[in-house]
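Read off the chains here:
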Amino acid sequence: MTPTAEPAQGNHRATYREVLAEPRFRLLFSTRTVAITADALRITTFSVLVFSSTGSALLSALAFGIGFIPQLFGSLILGSLADRLPPRALITGGYALTCAAALLLALVRMPIVASLGVVALVALTTPVFHGASSRLVAQSLEGDAYVLGRSLNNIAASGAQLFGLALGGAVVAVLGPHRALAVSAVLYLSCALAIRIRLQPGEFGGTPGSARGDGGAVRASLHGAGLLLRGCAVRRLMLAQWLPPAFVAGAEGLIVAYTGGRHFAPGWYAVLMGCLPVGMLVGDLLVGRLLRPPTRERLVVPLTALMGLPLVGFAAEPGVVVSSCLLLLSGFGFAYSLGLQRPFLDALPQDGQGQAFGLLGSGSMTLQGVGPACFGSMAAVIGTGGAIALAGGAAALTAGWILTWHPPTSPVPVPNYSTGSENGTEQHACSPPTQ
């Protein structure tokens, strides 16, 4: 990977056309977009299936979240495989496994507990093939092209989730939940076949097990995760990408209750819930395409604050129009993560990128599942508007924490592991960068 700290490359602004011209990225991008659509279809359909079978809102909610909760645990015990095994085999196997699970749920009438167990087992392996895919992207794109690649993935993920949710409702209405699950299985199978046929083997291999330490995959994974999280630069960059989305997810989980408590017209909750991803799409497009890399990195703190501060306005319990505008602004702030992509990649050891990406994604998914539960419990005490405002305030406080180690007048510091310093200045591993 060419160092991104060099002035010429650090100031170069890539284009989406350049990124999509890379054939490996184009393949990974297209298959991942299809897979996210299939995920949304499978998750919502499985939740509907469980509710129709049991009538339990609790089990339906558990069915919705069971694919997220085990991912962090899976990353901790299996994450090293993303660096130890060939990426083509891992990515193909991951899509094939999710295809098999969707088919099993569609064709076999199992007890609810067994169905939940199938989804949870697949979720354990998800960080492995997602980490391998992210490692492949990082090795295929350099400099600002990598950041725009992440931006494209974010944009596609938001659009695919919205499309998958809409597709799920239509397919379930026409075909029923079991056949809808079969449709998701077909989508996963198409991704597996595309990767198997079009991704050339041997272009990027895995790191041999001996290079990552003695012992099996579990021991190596725990050791690798410990090394990553003990490094201050990696740890705080992960937390900076975990915490604000988790707080906003806590607010998002209260939108349905907020619209019900304010007696908005039926269907307005869907409009409000759609404002966040729309804001995310616009933010990623504008910040990713129009701003140069150093500018993006200087805007990390302001954009993080923008995620949280509009939500504080819900303390006044605004109406539909104001609520929509506040959520759009909050969604725009999600573009803050683009300013952290290059520093995060530069902070990673070369032989642990796959595990680091898997840990980053699984930790984010887990915390976004915990956020709604935490702030939902607070809503019973202070009301939904107050709980949404509290979640926004927590995100804004995170911006203040980032400010202590990321001054807004300079880009995020890039660690120099050869000297044990940042920006060439000797300092304690967890002290703020020298200004």
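See the structure shown above.
Residues numbered from 1 in each chain as written. Predicted model: local features only at pLDDT ≥ 70, side-chain atom pairs only at ≥ 80, totals over all residues. Heavy atoms only, no water.

### Some thoughts on the overall build of the protein chain
Next, step 1: Summing up its helical and strand segments, the protein chain has 20 helices and two strands in all.
Next, step 2: Within the protein chain, buried positions represent 52% of all 435 residues.
Next, step 3: Partitioning the contacts of the protein chain with sequence separation of at least 6, the portion at a separation of at least 24 is 84%.
Next, step 4: By element, 69% of the accessible surface of the protein chain is carried by carbon and sulfur atoms, the whole surface being about 18,000 Å². (Helix = DSSP H or I, 4+ residues; strand = E, 2+ residues; numbered from the N terminus. Buried < 20%, exposed > 50% of the residue type's maximum accessible area, 1.4 Å probe, protein only. Contact = heavy atoms within 4.5 Å. Areas by Shrake-Rupley, 256 points an atom, 1.4 Å probe, with all protein chains shown as cover.)

### Focus: the packing of aromatic side chains
Next, step 1: Tallied over the entire structure, the rule returns six aromatic pairs.
Next, step 2: Ring plane angle 75° and centroid distance 5.2 Å describe the contact between Tyr258 and Phe314, whose orientation is recorded as edge-to-face. Taken together, the positions of Tyr258 in helix H13 (residues 255-261) and Phe314 in the loop between helix H16 (300-312) and helix H17 (320-332) put the pair 56 residues apart, joining distant regions of the chain.
Next, step 3: Judged by relative accessible area, which is 1%, Tyr258 ranks as buried.
Next, step 4: Take Phe314: its relative accessible area is 2%, and that puts it in the buried class.
Next, step 5: Grouped by ring-pair contacts, the aromatic residues Tyr258, Phe264 and Phe314 constitute a single cluster. (Phe/Tyr/Trp six-rings, centres within 6.5 Å; stacked < 30°, edge-to-face > 60°.)

### Things to note about H17
Next, step 1: The end-to-end C-alpha separation of H17 is 18 Å, in line with the 18 Å expected for 13 residues at 1.5 Å each.
Next, step 2: When H17 is considered as a whole, its buried residues turn out to be Val320, Ser323, Ser324, Leu326, Leu327, Ser330 and Gly331. Within H17, the buried residues cover an arc of 165° as seen down the axis, which keeps them to one side.
Next, step 3: The elements touched by buried residues of H17 are helix H12 (232-252), H13, helix H14 (268-290) and H16. (Expected span 1.5 Å × (residues − 1). Arc of directions from axis to C-beta.)

### A look at the state of the cysteines
Next, step 1: Taken as a whole, this structure holds zero disulfides when the rule is applied.
Next, step 2: As a non-bridged cysteine, Cys99 has Cys191 as the owner of its nearest cysteine sulfur, 9.8 Å distant.
Next, step 3: Taking the relative accessible area as the measure of exposure, Cys191 reaches 1% and is therefore buried. (Disulfide = S-S within 2.5 Å.)

### Comments concerning the environment of Glu18
Next, step 1: In this fold, Glu18 is placed in helix H2 (residues 16-20).
Next, step 2: It is 9.7 Å that separates the C-alpha atoms of Glu18 and Leu141, two residues lying 123 residues apart in sequence.

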